[in-house]
Amino acid sequence: SSSECFLIKTQKSRKEVLKELKDKEYFGENYSSGMGGVLEIFDKNTEIEDFEWFTDCCEEEVKHIPFEFLPKDYLAIHIDEGYKDLINFIKTEYEYVENIFNDPSPVFDEIFKNYYKKEEEKILKQIGETDDKKVVSLWPRYEKIQEKLNFIKNEN
């Protein structure tokens, strides 16, 4: 791939970080590769329609929140690998955690797994406490959670 995706920890909002990076985008060693200059920032609420680069697992062409599992003080930055100075800025100016495209990416994997395990526990509790009609309505979410857990298990 000609892009990177970095996990950072910050108290700044997604919009604040995006503005900071956009302000620096045209200075230093920054060029567009095959990704066409992509610079996207995701928090736990960022909704998107097309997200094939993240995972082939269970993603339909509908709006969804790909990083719903991120804790509130984490951001994911998807960036063209040609933005060398911006990447250096990300690694030095923010609390850089890891490149989630690297294998392994232990912090990212742990956050992902913990979130979906908790979601699984919540939904199983709901399923155990309700009638069959409600179980039918909860089942699609349960299946999606299982797909996510199987995805991370297969990655490791």
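Remember, predicted model here, so these are calculated numbers, not experimental data. (Residues numbered from 1 in each chain as written. Predicted model: local features only at pLDDT ≥ 70, side-chain atom pairs only at ≥ 80, totals over all residues. Heavy atoms only, no water.)

Engineer: Can you break down the overall build of the protein residue by residue, with the values?
Structural biologist: What the protein contains, in helices and strands, is four helices and four strands. The proportion of buried residues among the 156 residues of the protein is 43%. Counted over contacts in the protein with a minimum sequence separation of 6, partners at least 24 positions apart contribute 71%. (Helix = DSSP H or I, 4+ residues; strand = E, 2+ residues; numbered from the N terminus. Buried < 20%, exposed > 50% of the residue type's maximum accessible area, 1.4 Å probe, protein only. Contact = heavy atoms within 4.5 Å.)

Engineer: Any details on the environment of I90? Residues and values, ideally.
Structural biologist: Topologically, I90 is positioned in helix α2 (residues 84-93). Residue I90 is classed as buried on the basis of its relative accessible area of 0%. When the C-alpha atoms of I90 and I77 are compared, they prove to be 8.8 Å apart, with 13 residues separating the residues in sequence. Sequence-distant contacts of I90, that is, excluding residues within four places in its chain, are made with F6, I8, L21, I77, I79 and Y96.

Engineer: Quick one: what's the story with the pairing of strand β1 (residues 3-9), residue by residue and with numbers?
Structural biologist: Burial analysis of β1 places six of its seven residues in the buried class, the great majority of the element. The pairing of β1 with strand β3 (residues 74-80) spans seven bridges and is classified as antiparallel. Bridge pairing in β3 places F6 opposite I77. Relative to strand β4 (residues 95-99), β1 runs antiparallel, the two being bridged by four bridges. Looking at β4, one finds that L7 is bridged to E98. (Pairing = 2+ DSSP bridges.)

Engineer: Please set out the nonpolar core residue by residue, giving values where relevant.
Structural biologist: In this structure, L7, F67, F69 and L70 are the most contacted members of the largest nonpolar core, which totals 22 residues. For this core, the elements supplying multiple residues, two or more each, are β1, β3, α3 (106-128) and α4 (132-155). In this structure, I8, L39, L75 and Y94 belong to the second largest nonpolar core, which totals 15 residues. (Core = buried A, V, L, I, M, F, W, Y, C linked by side-chain atoms within 4.5 Å.)

Engineer: How would you explain α3 if you had to name every residue and give the values?
Structural biologist: Compared with the 33 Å implied by 1.5 Å per residue over 23 residues, the 32 Å span of α3 between its first and last C-alpha is a close match. Residues of α3 that are buried: F108, D109, I111, F112, Y116, E119, E120, I123 and I127. (Expected span 1.5 Å × (residues − 1).)

Engineer: So what about the packing of aromatic side chains? Which residues, and what values?
Structural biologist: Here the structure, examined in full by the defined rule, presents 12 aromatic pairs. A ring pair is formed by F69 and F108, whose centres lie 5.4 Å apart and whose planes are at 75°; its orientation type is edge-to-face. A residue pair is termed long-range when its members are at least 10 positions apart, and F69 in the loop between β2 (39-42) and β3 and F108 in helix α3 qualify at 39 residues. F108 matches F69 in its accessibility class, with the two residues each being buried. Aromatic side chains F69 and Y116 sit 6.1 Å apart centroid to centroid with 50° between the ring planes, which places their arrangement in the tilted category. With F69 in the loop between β2 and β3 and Y116 in helix α3, this pair connects stretches of sequence that are 47 residues apart. Pair check on accessibility: F69 and Y116 agree, each one buried. Counting every residue linked through ring pairs, the aromatic cluster contains F42, F67, F69, F108, F112, Y115 and Y116. (Phe/Tyr/Trp six-rings, centres within 6.5 Å; stacked < 30°, edge-to-face > 60°.)

Engineer: Tell me about the sheet that holds β2, and name the residues and values.
Structural biologist: Spatial ordering of the open sheet is given by β2-β3-β1-β4, a layout of four strands whose pairing is antiparallel. The open sheet has two edge strands, β2 and β4, and neither has a second partner. Shown here is a sheet whose adjacent strand axes are inclined to one another by a mean of 25°, direction ignored. Strands in contact with α3 are β1, β3 and β4; relative to β4, the strand with the most contacts, it is inclined by about 85°. (Axes fitted to C-alpha atoms, helices over the stretch in contact; angles between N-to-C directions.)

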